[in-house]
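Listed here are the chains, written in short residue letters.
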Amino acid sequence: MIALLLRDLKLAFRAGGGFGLGLAFFLILTVLVPFSVGPQSSLLSSIAPGVLWLGALLACLLSLDRLLALDWEDGSLDLLATAPVPLESVVTIKALAHWLTTGLPLVLVAPLLGVLLNLPVAGFFWLVISLLLGTPALSVIGTFGAALTVGLKRGGLLLSLLVLPLYVPTLIFGAEVARRGAAGMETTTPLLMLAGITAAVIALLPFASAAVLRVNLR
Amino acid sequence: MIALLLRDLKLAFRAGGGFGLGLAFFLILTVLVPFSVGPQSSLLSSIAPGVLWLGALLACLLSLDRLLALDWEDGSLDLLATAPVPLESVVTIKALAHWLTTGLPLVLVAPLLGVLLNLPVAGFFWLVISLLLGTPALSVIGTFGAALTVGLKRGGLLLSLLVLPLYVPTLIFGAEVARRGAAGMETTTPLLMLAGITAAVIALLPFASAAVLRVNLR
Amino acid sequence: MMPDLGKYAETVLSAYVASLVLLAALVLLSLWRGRRMRVQLNELEDRIRQDG
Amino acid sequence: MTISAKANAIWAYANPKKFLAASERVLPFFWISSGLCLVVGLTWGFFFTPDDYRQGSTVKIIYLHVPAALLAINTWFMMLVASLIWLIRRHHVSVLAARAAAPVGVVMTVIALVTGAIWGQPMWGTWWAWDPRLTSFLILFLFYLGYIALWEAIENPDAAADLTSVLCLVGSVFAVLSRYAVNFWNQGLHQGASVMRIEAVTGADTQEKVSNVFFFPLLICIVGFVLLFVALVLYRTGTEIRARRFRALLARERAGA
Amino acid sequence: MTLTVTDLTIARGGIPVLQGVNLVLRPGAALVLRGSNGIGKTTLLRTLAGLQPPVCGTIRGADETIAYAGHFDGIKPTLTVSENLTFWASVFGANGIQPALDAFDLQQLAMRPAGSLSAGQKRRLALSRLLVTGRPIWVLDEPTVSLDVAAVSMFAAAVRAHLAGGGSALIATHIDLGLSAEVLDLGRFRAKTRPVADFDGDFL
Amino acid sequence: MTLTVTDLTIARGGIPVLQGVNLVLRPGAALVLRGSNGIGKTTLLRTLAGLQPPVCGTIRGADETIAYAGHFDGIKPTLTVSENLTFWASVFGANGIQPALDAFDLQQLAMRPAGSLSAGQKRRLALSRLLVTGRPIWVLDEPTVSLDVAAVSMFAAAVRAHLAGGGSALIATHIDLGLSAEVLDLGRFRAKTRPVADFDGDFL
Ligand code: HEM
Ligand SMILES: Nc1ncnc2c1ncn2[C@@H]1O[C@H](COP(=O)(O)OP(=O)(O)OP(=O)(O)O)[C@@H](O)[C@H]1O
Ligand SMILES: Nc1ncnc2c1ncn2[C@@H]1O[C@H](COP(=O)(O)OP(=O)(O)OP(=O)(O)O)[C@@H](O)[C@H]1O
Ligand SMILES: [Mg+2]
Ligand SMILES: [Mg+2]
């Protein structure tokens, strides 16, 4: 198990910068927003928490399509499925590796990008908290989507179509926390909901992912 | 040449719905924006042109990573490079196929999504015009990026990183046209710039793409 | 016979037209595909039976 | 007949051949009765009901909007049940019925969205608002699209059945979650569920007589839509069964060669 | 561990390809599967390895005892040869990769990224993984593809050593491996097509 | 078209692998390349096909005359067998796929999506493509991988017909193809490592 985690992390680093790329996407997206909606700082500051959450979500999403596909293409997944480790823990480890290489760096860099978008001072803390609680759910749900579409060439866009609706509750509560935090309002309810979703998803979804993966290996 | 175009279109259709998926991504992205920035319709209507341009751009971007990669992985690109067709026309045809399956549908569906985001009535016409002029440039530039990163496993994010900065001028002028149009202002200057960029890019970039592809095939 | 729809005539009529067109398209497409499938399957079964 | 024997008798129709024979027998009834109900209900509603004093003639849209909206949700529910039956009892017909129902659900969702949007223009002054009811319909539409796209994308029919069924299951949970999330995110303009208290919907005076004016044709329309749904799903399931057999025979013929 | 297969029917893409397969593989024995292209060798081996369910029939003795090596190598191009092997060794709980490296003469290549190996070198790496699984039954699908003569004899030696240690091997191949093993031709198990009228729950 | 290679040096990943390669391939002749795994067969063939530049030396007669078939098949899984072939036929301007289908007995499989073929069937499809290129020089990298005995002899027959028609073939392989052809062992061209002191423009 540890071996699998270490291997995945190592692969992520070797593949040209590892988590650097997720971060870069996040950064570029944040930079493109002022280009597309215009540079008024009041407008930017009011959409900043939402844009940052959306950017983090998309950066997660984009790194999903190779989460299992590479292992499937070169036959590693066949071998892992016949190895003495339950497939449930394989997918959990994969989700964890994905979070460590994508979600966590996004959380850490989000405050910096908040500066670019004029995020109100009160918002930084809540932005980080909400991302920290929410991104694990994004990784786990994404792993489920990746397991569904593994083995489909050009599965990338299908993956987005399947995963994005599943991301809706996490996004709503996460962005709500960040938005309320930035506006200096009460955040307890959405924060609890966000934490609840993350916990439930981590506890239950790996079983679905493993089941789906077994079907795809046939 | 025609054979290559037809094959690419056929492959796009066979691969689960072809252009449907790019559209779906665009739709979902548009739906997620209000979830993240909040539902106030005045806010949404002021960011609508920018969001729609950004959405179209990302939908283009996401479909790039398989533009050449699949042909590279299974050896087709090796064979095409040794076939009696110049690599320049191969990349041009690939870009054309990409535009037909991704860019064009996005242009056609953008007005519908404008409704969701409360785009001002005056903006619809200019949104469509700017996308129609701009998306071909996105496909051609994207093909260049795909040629640069072909052969890299997990190239998806690297591709985004390379291509997004190249998309900046197109995005700026395109979104500017849409934004000014929606606000009822003069649009001639950015429209001319946009058309100029597209024309120049179509005329010149295929040579660079072919050169880069040759290096990657070594 | 046409009832007076007042100032909302366009609204009501467009809603009816859109819905009925969608419903009709669904039914017709279903029937068309069903017919075609039936024919194709029969042809195939006959062909296989002839081959033995 | 004992209860278990009865249950077995039902499962017998999960055999594709029996299902085809049985559905062929009952289909004419459903087609005709749904056509009748729709013609009667819509004609009554369109021609013979008064305008609402506040909404004017737009109230006539209700005869399409409400039945479509009801079916849009319940189609997904039916797909969920059918998917569960496939996952537990592995009856092919049930999962094919889910597959056959999905496009019907999509069309119903689109009708609800389109009539709603058209209605919204005079009532709320906008085609679209991010009201929770409307928003969750949009999300439901996305779930339908994902489900159909997954069916289309996978070659192996049994694998596709398994994967789409799990997606339907997981998707249902997330759809419910989204519904709560959206409610929390934005309180809306749309009226609450009140089919049974139509006067509250129309805002007309609250006497039974007036509400019945709208209520009976609406009820007939709902029945018509439901019958149409049943007919369509039975018919389309038959098509899916034939398509499945067609592919299997074709594949076998090619493999044998 | 004796692998016993009784009356197995297997299908690919919903169509039965082999029917009534019976075979017994005892410790110390090797069995070579032959059969023309597309007869169903790969499908049979994947079924035995537990990657797909059989249509009917039973497989005994296959639980956590099989090491499978298929058409694809499962090699990560960015990891070095020894990192690739070490990973599989720790997944299977083996304690050293040295014997595996020695058996396929990978010592020289150990520090090279696996992506820069030639086709035959990659294959040698894939085969050496069998040694770190510690599993008694090897199930191999065309193991000698791309191997040169020297490497084929390394492979034969590795199989013989495995058999001598009480292991067993089931090998699908088209060419001669230089092993003295029983040969099973799958041609006689080719699935018979059912009559069309027989429209049952399987749609066939 | 005679293919003439003079004093060729080729490199892979910046390291020279073969040095001073000389060979002449006349119309009607076949040449079999042999050499242990990793000697540089694939690299040589890709250089001849024009996919990578040589370090030094000259190649004459290779312009638009070579049909290359490498380790990868270049087959689109979602297209049918005949669609795959038709595509390549129209790229190369050939006018019919029938001879190609016949030569490799693909008639029965013609309407199947190529993704559902077995390993050997895919290989047959990849080889049949050579016939639609209309090119005189075939450059083949381990063409018989995964092929059964019958398919290998189909392949040999196709090569013989090609040679009889004035074509030529250069084939890298480890196993016997049943062709009477000259054999060139690449072992003697193995690049010599330069002394370390000799630090020139190549950093070596
Ligand atoms: C695009 C937008 C809309 C969507 C997706 C939508 C959705 C729905 C749904 C799901 C229902 C079923 C309610 C139930 O019985 O549980 C419903 C009912 C209803 N809708 Fe809409 N609606 C939309 C727009 C509108 C508009 C603009 C109006 C009018 C002002 C409207 C008026 C009604 C009425 C009167 C009912 C029946 C009362 C009820 O049962 O709740 N809807 N709608
Ligand atoms: N996805 C699929 N759908 C339908 N048929 C398939 C599919 N995959 C493989 N087949 C068919 O199943 C049969 C068995 O394939 P399999 O790969 O097991 O053959 P094999 O004996 O390993 O052949 P080879 O020696 O060429 O590797 C073949 O006839 C093949 O065409
Ligand atoms: N990207 C790379 N970087 C460095 N060395 C490489 C790279 N790719 C291949 N090599 C080395 O170049 C040499 C020649 O490889 P090549 O693939 O040409 O061998 P081959 O003769 O085709 O072998 P095989 O019979 O195994 O296919 C090998 O020693 C290989 O390890
Ligand atoms: Mg095989
Ligand atoms: Mg080679």
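Residues numbered from 1 in each chain as written. Chains lettered and ligands numbered in written order. Predicted model: local features only at pLDDT ≥ 70, side-chain atom pairs only at ≥ 80, totals over all residues. Heavy atoms only, no water.

(A) Quick peek at the site of ligand 2. Near ligand 2 lie 20 residues; those nearest to it are E:T42, E:T43, F:R112, F:S118 and F:G120. The environment around ligand 2 is built from residues contributed by chains E and F. E:I39 is positioned such that a nitrogen or oxygen atom in its backbone is 3.4 Å from an oxygen atom of ligand 2. The protein chains hide 87% of the 640 Å² of surface that ligand 2 would expose on its own. (Near = heavy atom within 4 Å. Polar contact = N/O pair within 3.5 Å; in protein donor to acceptor, adjacent residues only side chain to side chain. Areas by Shrake-Rupley, 256 points an atom, 1.4 Å probe, with all protein chains shown as cover.)

(B) Spotlight on the interface of chain B and chain A. Counting from both sides, the interface comprises 42 residues of chain B and, opposite them, 41 residues of chain A. Remark: the boundary between chain B and chain A carries zero salt bridges. A per-class count over the side of chain B that touches chain A returns 29 nonpolar, seven polar and six charged. (Contact = heavy atoms within 4.5 Å. Salt bridge = Lys/Arg side-chain N within 4 Å of Asp/Glu carboxyl O. Nonpolar A, V, L, I, M, F, W, Y, C, P; charged D, E, K, R; others polar.)

(C) Layout of the domain arrangement of chain E. Residue and element names in this part refer to chain E. Taken domain by domain, chain E comprises domain 1 (1-63 + 138-143 + 168-204) and domain 2 (66-135). Domain 1 and domain 2 are separated by 26 Å when their C-alpha centres are compared. Tallying the contact residues gives 13 residues for domain 1 and eleven residues for domain 2. Buried area between domain 1 and domain 2, summed over both chains or domains, comes out near 1,100 Å², and the portion from carbon and sulfur atoms is 63%. Here domain 1 and domain 2 share zero salt bridges between them. The interface formed by domain 1 and domain 2 contains seven residue pairs in polar contact (both at pLDDT 80 or more). For the side of domain 1 that touches domain 2, the elements supplying multiple residues, two or more each, are α1 (41-48) and β6 (137-141). Class assignment of the residues belonging to the side of domain 1 that touches domain 2 gives a composition of nine nonpolar, one polar and three charged. (Domains from an automatic or database assignment. Buried area = accessible area lost by both parts, 1.4 Å probe. Helix = DSSP H or I, 4+ residues; strand = E, 2+ residues; numbered from the N terminus.)

(D) The nonpolar core, seen in detail. A:F144, B:F25 and B:F35 are the most contacted members of the largest nonpolar core, which has 381 residues in total. Contact partners of A:F144, with chain neighbours within four places excluded, come to A:L166, A:L205, A:A208, A:S209, A:V212, D:V166, D:L167 and D:V170. (Core = buried A, V, L, I, M, F, W, Y, C linked by side-chain atoms within 4.5 Å. Buried < 20%, exposed > 50% of the residue type's maximum accessible area, 1.4 Å probe, protein only.)

(E) How the structure looks around the sheet that holds strand β5 (residues 66-69) of chain F. Residues and elements named next belong to chain F. Strand order in this open sheet of five strands is β5-β6-β7-β3-β8, and the pairing throughout is parallel. The two strands at the open ends of the sheet, each matched to only one other strand, are β5 and β8 (182-185). On average, each strand axis in the sheet is tilted by 15° relative to the strand beside it, whichever way the strands run. Relative to strand β7 (residues 168-172), strand β6 (residues 137-141) runs parallel, the two sharing five bridges. Its bridge partner lying in β7, I137 is registered against S168. Most of the contacts of helix α4 (residues 119-133) go to β6, to which it runs at about 165°, and overall it touches β5 and β6. (Pairing = 2+ DSSP bridges. Axes fitted to C-alpha atoms, helices over the stretch in contact; angles between N-to-C directions.)

(F) Inspection of the arrangement of the chains at higher detail. With ten pairs of chains in contact overall, the greatest share of contacts is found between chains A and B. Nothing in chain C touches chain F, and the closest approach of their C-alpha atoms is 15 Å.

(G) Local environment of the relation of the copies chain B and chain A. Least-squares fitting of chain B to chain A yields an RMSD of 0.2 Å, with the transformation described by 0.0 Å of translation along the axis and a rotation of 180°. Expressed as a symmetry operation, the mapping of one chain copy onto the other fits a two-fold axis. Most of the interface of chain B is mirrored in chain A: 98% of its interface residues are interface residues there too. (Least-squares fit on C-alpha atoms with pLDDT ≥ 70 in both.)

(H) Up close: the coordination of the magnesium ion (ligand 5). Residues and elements named next belong to chain F. Summarising the metal site, the magnesium ion (ligand 5) is bound by the protein donors T42 (OG1) and H71 (NE2), whose distances to it range over 1.9 to 2.6 Å. Here the residue T42 occupies a position in helix α1 (residues 41-48), and H71 occupies one in the loop between β5 and α2 (81-92), the gap between them amounting to 29 residues. Take T42: its relative accessible area is 25%, and that puts it in the partly exposed class. (Donors = N, O, S within 2.8 Å, 3.2 Å for Na, K, Ca; no water.)

(I) Structural detail: the coordination of the magnesium ion (ligand 4). For the magnesium ion (ligand 4), the full set of protein donor atoms is E:T42 (OG1) and E:H71 (NE2), at a range of 1.9 to 2.5 Å. By relative accessible area, E:H71 is classed as partly exposed at 28%.

(J) Representation of the side chain of A:T143 in the model. Relative to the helices and strands, A:T143 is located in helix α7 (residues 123-149). A distance of 2.7 Å separates the side chain of A:T143 from the backbone oxygen of A:S139, its partner in a polar contact.

(K) Local environment of the sheet that holds strand β5 (residues 66-69) of chain E. All names here are of chain E. Within the open sheet, the five strands sit side by side as β5-β6-β7-β3-β8. Their pairing is parallel. Every interior strand has two partners, whereas the edge strands, β5 and β8 (182-185), have only one. Averaged over all adjacent pairs, the angle separating strand axes in this sheet is 15°, with direction ignored. Across the sheet, helix α4 (residues 119-133) lies against β5 and β6, angled at about 165° from β6, the strand it touches most.

(L) Structural detail: unusual backbone geometry. All names here are of chain E. Look at D7: it is not a glycine, yet its phi comes out positive at around 50°. Summarising the element assignment, D7 is placed in strand β1 (residues 3-12). On the accessibility criterion, D7 (49% relative accessible area) is partly exposed.

(M) Summary view of the pairing of β6(F). All names here are of chain F. For β6, the tally of buried residues reaches five of five residues, placing the bulk of the element in the interior. Burial along β6 is two-sided: I137, V139 and D141 facing one way and W138 and L140 facing the other are all buried. Bridge count for β5 against β6 is four bridges, and the pairing is parallel. Looking at the pairing, Y68 lines up with V139 of β6. Note that the unit made of β6, helix α5 (residues 149-164) and β7 has a crossover that is right-handed. (Right-handed = clockwise from strand over helix to strand, strands pointing away.)

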